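An overview of the molecular structure
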Amino acid sequence: MAVLSRLLFPARATAAAASISPSSTSILNSIRTAFFSSSSTTNLQSPSSPEENSLHLRRTGAERNVQWVFLGCPGVGKGTYAARLSKLLGVPHIATGDLVRHELASRGPLSEKLSEIVNKGKLVSDEFIIKLLSKRLEAGEAKGESGFILDGFPRTIKQAEILEGVTDIDLVINLKLREEALIAKCLGRRICSQCGGNYNIACIDIKSENGLPGMYMAPLLPPSSCESKLTTRPDDTEEVVKHRLHVYNEMSRPVEIFYQNRGKLLEFDLPGGIPESWPKLLRALHLDDHEDKKTVAA
Ligand code: ADP
């Protein structure tokens, strides 16, 4: 049984992204303490009982940092934009896909079964993912982290309910991109096995058609030092990407509705690559990236 008991001190600043700017984030500090205990056995795939995922929360009033969630189909760019916002706002970017891949790389007793699930594009059990996330939050809290930008969690209604039961999510950003671009982006994804850098060799050039605007996304090519060390994710084959999109539509679309019904969902259509999308996203969030402006001006 995985049990996460958390004490959280919710925000003075509420859901409105408009009220949060980089200059004000420094005063949005929180104090959180987490208690985590778990059993030694974990079910990787089958659904778990409500008790297995019980989360206990006590709250007292104080300030805390932003608690945002990124939703969106595989390949949409959740990781890219969550990482940029995390740097801008000074909060950790927690990607459950990265936690799963880290677990796989550790070659622990569950690795083989886990890779079977992940490489087929299926979801791991709510119980297992909550256990990984709890461990990550606990480690962050021990280092004094506060707030988070979650990427890849929640992905099922059960996960969303558990998260909603334990803390207030301020904002959920739902990134959207046409399916043809999503598939091309997944197939073009490359990771440097040495430095961990993420690149994309796909050049997406969709012509405008039937009233839909065209879209251009330039490739994000690796530096020559990474060229010979590029790898692809085993779940980025065409067949598995299509299955992941299917799983997203089945399991995670309802999560979008879940947050829409709670007035927390910000729908964001990506207009193209990072140069067009990042400034537009910042405007939608009423944020300003001074560093980015300096870079552009230089
Ligand atoms: P994607 O690129 O499809 O968004 P991620 O990198 O976020 O994929 O996750 C990789 C894999 O890790 C998923 O296909 C799934 O097997 C597992 N995973 C990640 N997050 C979750 C979650 N919240 N619930 C269940 N499985 C997850």
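The following paragraphs examine the structure supplied in this document. All of these numbers come straight from a predicted model, not from anything done at the bench. (Residues numbered from 1 in each chain as written. Predicted model: local features only at pLDDT ≥ 70, side-chain atom pairs only at ≥ 80, totals over all residues. Heavy atoms only, no water.)

Thoughts on the side chain of Glu256
With respect to the helices and strands, the residue Glu256 is situated in helix H8 (residues 238-261). Here Glu256 falls in the buried class, since its relative accessible area comes to 9%. In this structure, Glu256 is in contact with Leu71, Asn174, Tyr248 and Leu265, ignoring residues within four places of it in sequence. (Helix = DSSP H or I, 4+ residues; strand = E, 2+ residues; numbered from the N terminus. Buried < 20%, exposed > 50% of the residue type's maximum accessible area, 1.4 Å probe, protein only. Contact = heavy atoms within 4.5 Å.)

What to know about the site of the ligand
The local shell around the ligand holds 18 residues, among which Thr96, Arg101, Lys122, Gly152 and Arg244 are the closest. Between Thr96 and the ligand, the recorded distance is 2.9 Å, taken from a side-chain N or O atom to a nitrogen atom. At a separation of 2.6 Å, an oxygen atom of the ligand approaches a polar backbone atom of Lys122. Protein contact buries 96% of the 550 Å² of open area that the ligand shows by itself. (Near = heavy atom within 4 Å. Polar contact = N/O pair within 3.5 Å; in protein donor to acceptor, adjacent residues only side chain to side chain. Areas by Shrake-Rupley, 256 points an atom, 1.4 Å probe, with all protein chains shown as cover.)

Topic: the sheet that holds strand E9 (residues 198-200)
Spatially, E9-E8-E12 is the arrangement adopted by the three strands of the open sheet, whose pairing is antiparallel. What marks the edges here is a single partner per strand, and that holds for E9 and strand E12 (230-231). As judged from the three bridges shared by strand E8 (residues 189-192) and E9, these two strands associate in the antiparallel manner. By the bridge assignment for E9, Arg189 is matched with Asn200. (Pairing = 2+ DSSP bridges.)

Considerations on the pattern of salt bridges
Taken as a whole, this structure holds 13 salt bridges when the rule is applied. Residues Glu145 and Lys143 are paired through a salt bridge, measuring 3.9 Å at the closest nitrogen-oxygen approach. A salt bridge links Asp236 to Arg189, with the shortest nitrogen-to-oxygen separation between them at 2.8 Å. You can see Asp236 sitting in the loop between E12 and H8 and its partner Arg189 sitting in strand E8, a full 47 residues away along the chain. On the basis of relative accessible area, Asp236 is assigned to the buried category, the value being 7%. Note on Arg189: relative accessible area 17%, which makes it buried. (Salt bridge = Lys/Arg side-chain N within 4 Å of Asp/Glu carboxyl O.)

Some words on the environment of Leu177
With respect to the helices and strands, the residue Leu177 is situated in the loop between strand E7 (171-176) and helix H7 (179-188). Classification of Leu177 as buried rests on a relative accessible area of 13%.

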